[in-house]
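Observations on chain architecture
Spelled out, the chains give:
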Amino acid sequence: MTNYITVIGLEVHAELKTKTKAFCSCSTEFGSLPNTHVCPVCLGMPGALPVLNKQVVEFAIRTGLALGCDIQKFNKFDRKNYFYPDLAKNYQISQFDQPICLGGHIDIEIDGVPKRLGITRIHMEEDAGKLNHSGATISTSDFSSVDYNRAGVPLLEIVSEPDMRSAEEARAYMEQLKAILEYIDVCDCKMQEGSLRCDANISIMPEGAKEFGTRAEIKNLNSFRALVRAIEYEVERQKAILEDGGHVVQETRTWDEANGVTLSMRSKEEAHDYRYFPEPDLVPVEIDDAWIERVRGELPELPAQRLERLVEKHGLPKYDASLIVATKAMADYFDAACANSKDDKAVSNWLLGDVSAYLNAENITIEQFPVKPENLGELVTLIKDGVLSSKLAKKVFAEMLKADKTPKQLVKELGLEQVSDEGAIAAIVDEVLAENPQSVADYKAGKDKAIGFLVGQVMKKSRGKANPGMVNKLLKEKMQ
Amino acid sequence: MKVTVKDVEHIAGLSRLTIPESEMEKFTEQFNQILNYADILEKIDTEGIEPTPYVLPISNAFREDVPQPGVTHEEALENAPAVYNDGFKVPRVIE
Ligand SMILES: [Zn+2]
């Protein structure tokens, strides 16, 4: 059987986090009653004229710089003409032959092997409205209802080079891109809500071939999982066609999440005859060096820089640090917790251990986590200072999840303060030694294991509050 | 002939225009006249001249990112031929 090489390029649409739409002053708020954030411009009323939101250009420059692109000085918009009810104007304002950003890259790492993936271009455009179908799917619906609240919301379309060779690389690219967009605060990146959307161009070619195979464009990939599954499915589908001696058809396909398959959208060729031409209702955008350099100077810390800081300054292992920086909110939580803790590595362990377990169990994000970062920092410090054993710390943590109280408050309320008073512990140690002569004899006879039992007895009598290090030390001293 | 009747039919379809059969020949001829005129322009030497998508000496007309009220929900739907679930009711469209 022939070995095939998979070739993947991604087109990502990121909704910009502006307060207003790209070409009118309507709010971009998500989840409102349909057709409440609309005006003559985004409803396509005759005579209404668009005016560009400056913040859109600002965000586009910021994104381009964060992704290593060249910012183009001269910018114009173009009309992409098509008839579909999601756009009232019958055209979408986009950028065709002169996108705002050219070139660029995203660095990924899989199993310790780094790879640089190219970005071809980034352009500004407007989002379309949303069609709600009367039936379960478009084909079983007699009619649809159009909501224009989303029409005109600014988008960046970020187009990659066909540089990815596996579903895993595509996923890593998306994860990195999402992290960068979050860090530079230009997009909410909620794939389920559609503020970050992904289309994948997938083709395969026999090993050693000089030209790429015919590609299929897969739409409706609204999660990382869907992206990976769709690529895996599509590669197998195309392999089966080629093995059968057939030809892959260049077409748009949609991912059917429920059935785990891609389906042809059977679009007519005409649908892609967009007849672009310069948008006559807008004037050009000229970006000078001063503007670019000002935005460059204001760029926040990017995921790669943050990773480096977590490793170098906070002493985290690279893998742990990569998990923390993957989500900006998690990385911010880490920083806030560390500001109130004496043990950064322990903060990281809590975040990747108990905290992540809780988030997964409750199916919530770190933004919704009930414990304030400074309180987690304080808990870690109480362990470090020997006030709490790690076992009791888990008990305090469980209480912190239930009520917004500081660990110090809870330690007091629950009477959990670790006893580090040597006199008090010595008294319990004496008691335990007197009650367990056999274990004492065993220890003296060289059975080191016997001390474990004695430590356990002391901890039990102190209701877990004795400082274990001190218990160990006193037991050994007294049995010498 | 640069453009045939078939091309005119195609372009009319893209623009959702119905051109009566009787006028097809006339439109085709006019399309060709326009393109022939473009041919004359093509002969002009434009070496070193930047494309001019806009003739106005204006750039960077921006709006600040501050929300303003648009029209109300009721006003927005006033022109809708039919309303369904607070939206513009449209026939089923498969792209
Ligand atoms: Zn509007």
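Owing to the predicted nature of the structure, the values given are computational and were not obtained by experimental measurement.

1. Points about the coordination of the zinc ion
Residues and elements named next belong to chain A. Taken together, the protein ligands of the zinc ion are Cys-24 (SG), Cys-26 (SG), Cys-39 (SG) and Cys-42 (SG), with distances of 2.3 to 2.4 Å. The coordination sphere of the zinc ion comprises four donor atoms, whose angles at the metal cover 99 to 115°; the geometry is tetrahedral. The sequence pattern formed by the donor residues of the zinc ion is C-x1-C-x12-C-x2-C. A residue pair is termed long-range when its members are at least 10 positions apart, and Cys-26 in the loop between strand 1 (4–15) and strand 2 (52–53) and Cys-39 in the loop between strand 1 and strand 2 qualify at 13 residues. Here Cys-26 matches Cys-39 in class, with each residue buried.

2. Quick word on the nonpolar core
Residue and element names in this part refer to chain A. Counting residues in hydrophobic clusters, the biggest one holds 70 residues, and the most contacted among them are Leu-10, Ile-158, Tyr-173 and Leu-181. The dominant element in this core, judged by the number of residues it contributes, is helix 2 (residues 167–183), at eight residues. For Leu-181, the residues in contact, after removing those within four places along its chain, are Ala-14, Thr-63, Ile-158, Val-186, Cys-187, Cys-189 and Leu-196. Membership of the second largest hydrophobic core comes to 38 residues, among which are Tyr-333, Trp-350, Val-371 and Leu-410.

3. Section: the packing of helix 1 (residues 5–14) of chain B against helix 2 (residues 24–42) of chain B
All names here are of chain B. Here helix 1 crosses helix 2 at 95°, and the two axes come no closer than 9 Å. Judged by the angle between their axes, helix 1 and helix 2 are roughly perpendicular. Between helix 1 and helix 2, the contacting residues are Val-5, Val-8, Glu-9 and Ile-11 on the first element and Met-24, Glu-25, Phe-27, Thr-28 and Phe-31 on the second. Of the residues assigned to the contact of helix 1 with helix 2, the class counts are six nonpolar, one polar and two charged.

4. Notes on the packing of helix 12 (residues 422–435) of chain A against helix 14 (residues 450–461) of chain A
Residues and elements named next belong to chain A. Interaxial distance between helix 12 and helix 14 falls to 9 Å at its minimum, and their mutual angle equals 125°. One finds that helix 12 runs oblique with respect to helix 14. Judged by the twist between their axes, the crossing of helix 12 over helix 14 is right-handed. On the side of helix 12, the interface is formed by Ile-428, Val-429, Glu-431, Val-432, Leu-433 and Glu-435, while helix 14 contributes Leu-454, Gln-457, Val-458 and Lys-461. Grouping the amino acids of the contact of helix 12 with helix 14 by side-chain chemistry returns six nonpolar, one polar and three charged.

5. Topic: the confidence of the model for chain B
All names here are of chain B. A residue-level look at chain B finds 97% of positions with pLDDT of 70 or above and a mean pLDDT of 90. Element-level pLDDT for chain B is lowest in helix 1, with a mean of 89, against a maximum mean of 97 in strand 1 (residues 62–63). Among the scores for the predicted complex, ipTM is 0.87 and pTM is 0.84.

6. Remarks on the interface of chain A and chain B
Facing 55 residues of chain A, the contacting portion of chain B comprises 35 residues. Linking chain A with chain B are zero salt bridges. Counting every contact that joins chain A to chain B gives 25 residue pairs in polar contact (both at pLDDT 80 or more). Listing elements by their share of the side of chain A that touches chain B, those giving two or more residues are strand 2, helix 1 (54–66), strand 11 (143–147) and strand 18 (285–286) of chain A. Of all the elements, strand 11 of chain A adds the most residues to the side of chain A that touches chain B, at four residues.

7. Things to note about the pattern of salt bridges
Summed over the entire model, instances satisfying the criterion amount to 43 salt bridges over all chains. Among the ionic pairs, Arg-306 of chain A bridges to Asp-332 of chain A, the shortest N-O distance being 2.7 Å. Placement of Arg-306 of chain A in helix 5 (residues 303–312) and of Asp-332 of chain A in helix 7 (residues 328–338) is noted, with a sequence separation of 26 residues between them. Among the salt bridges present, the one from Lys-2 of chain B reaches Asp-39 of chain B, with a minimum N-O distance of 3.1 Å. In this pair, Lys-2 of chain B sits in the segment before helix 1 while Asp-39 of chain B sits in helix 2, placing the two residues 37 residues apart along the sequence. In this structure Asp-39 of chain B comes out as partly exposed when scored by relative accessible area, which is 31%. A network of salt bridges, in which partner residues are shared, links Glu-301, Arg-306, Arg-309, Lys-328, Asp-332 and Asp-335 of chain A.

8. Re the packing of aromatic side chains
Enumeration over the complete set of coordinates arrives at eleven aromatic pairs over all chains. For the pair Tyr-333 of chain A and Phe-369 of chain A, a centre-to-centre distance of 5.9 Å together with 65° between the ring planes defines the contact as edge-to-face. With a gap of 36 residues between them, Tyr-333 of chain A in helix 7 and Phe-369 of chain A in the loop between helix 8 (344–362) and helix 9 (373–384) connect regions that are remote in the sequence. Tyr-333 of chain A sits in the buried class, given a relative accessible area of 7%. When the centroid spacing of 5.0 Å and the interplanar angle of 55° are considered together, the rings of Trp-350 of chain A and Phe-397 of chain A count as tilted. Residue Trp-350 of chain A is located in helix 8, and its partner Phe-397 of chain A is located in helix 10 (residues 390–402); the two are separated by 47 residues in the primary sequence. No difference in accessibility class separates Trp-350 of chain A from Phe-397 of chain A, as the two residues are buried. Among the aromatic residues, those joined into a ring-pair cluster are Tyr-333, Trp-350, Tyr-358, Phe-369 and Phe-397 of chain A. One Lys or Arg, Lys-80 of chain A, reaches over the ring of Tyr-274 of chain A and ends 4.3 Å from the middle of that ring. In this structure, Lys-89 of chain B packs its charged tip against the face of Phe-143 of chain A, placed 4.1 Å from the ring centre.

9. Description of unusual backbone geometry
Of note in this structure, Asn-35 of chain A is not a glycine but carries a positive phi near 55°. The topology assignment puts Asn-35 of chain A in the loop between strand 1 and strand 2. We note that Asn-60 of chain B has phi near 55°; this positive angle belongs to a residue other than glycine. Structurally, the position occupied by Asn-60 of chain B is in the loop between helix 2 and strand 1.

10. A word on the side chain of Glu-182 of chain A
Residue and element names in this part refer to chain A. The residue Glu-182 is located in helix 2 in this model. The class of Glu-182 is buried, set by a relative accessible area of 14%. What Glu-182 contacts, discounting residues up to four positions off in sequence, is Cys-187, Cys-189, Ala-326, Thr-327 and Lys-328.

11. A closer look at the environment of Asp-288 of chain A
Within the secondary structure, Asp-288 of chain A sits in the loop between strand 18 and helix 4 (289–297). Through-space distance from the C-alpha of Asp-288 of chain A to that of Ile-202 of chain A is 37 Å; in sequence the pair is 86 residues apart.

12. Remarks on the domain arrangement of chain A
Entries for chain A in the domain assignment read domain 1 (4–291), domain 2 (301–414) and domain 3 (422–479). On a C-alpha basis, the centroid separation for the pair domain 2 of chain A and domain 3 of chain A is 33 Å.

13. Observations concerning helix 4 of chain A
Within the span of helix 4 of chain A, buried status applies to Trp-291, Ile-292 and Val-295 of chain A. Along the axis of helix 4 of chain A, the buried positions cluster into a sector of 95°, meaning they face one direction only. Exposed positions of helix 4 of chain A whose direction lies more than 90 degrees from the buried face are Ala-290 and Gly-297 of chain A. Each element contacted by the buried residues of helix 4 of chain A is listed here: helix 1, strand 3 (70–71) and strand 18 of chain A together with strand 1 of chain B.

So, how was this worked out
Residues numbered from 1 in each chain as written. Chains lettered and ligands numbered in written order. Predicted model: local features only at pLDDT ≥ 70, side-chain atom pairs only at ≥ 80, totals over all residues. Heavy atoms only, no water. Donors = N, O, S within 2.8 Å, 3.2 Å for Na, K, Ca; no water. Tetrahedral: all angles 85-135°; square planar, octahedral: opposite > 155°, others 65-115°. Helix = DSSP H or I, 4+ residues; strand = E, 2+ residues; numbered from the N terminus. Buried < 20%, exposed > 50% of the residue type's maximum accessible area, 1.4 Å probe, protein only. Core = buried A, V, L, I, M, F, W, Y, C linked by side-chain atoms within 4.5 Å. Contact = heavy atoms within 4.5 Å. Axes fitted to C-alpha atoms, helices over the stretch in contact; angles between N-to-C directions. Parallel < 35°, antiparallel > 145°, perpendicular 65-115°, else oblique. Nonpolar A, V, L, I, M, F, W, Y, C, P; charged D, E, K, R; others polar. Left-handed = near helix turned anticlockwise from the far one by under 90°. pLDDT = per-residue confidence, 0-100. Salt bridge = Lys/Arg side-chain N within 4 Å of Asp/Glu carboxyl O. Polar contact = N/O pair within 3.5 Å; in protein donor to acceptor, adjacent residues only side chain to side chain. Phe/Tyr/Trp six-rings, centres within 6.5 Å; stacked < 30°, edge-to-face > 60°. Lys NZ or Arg CZ within 6 Å of the ring centre and 35° of its normal. Domains from an automatic or database assignment. Arc of directions from axis to C-beta.

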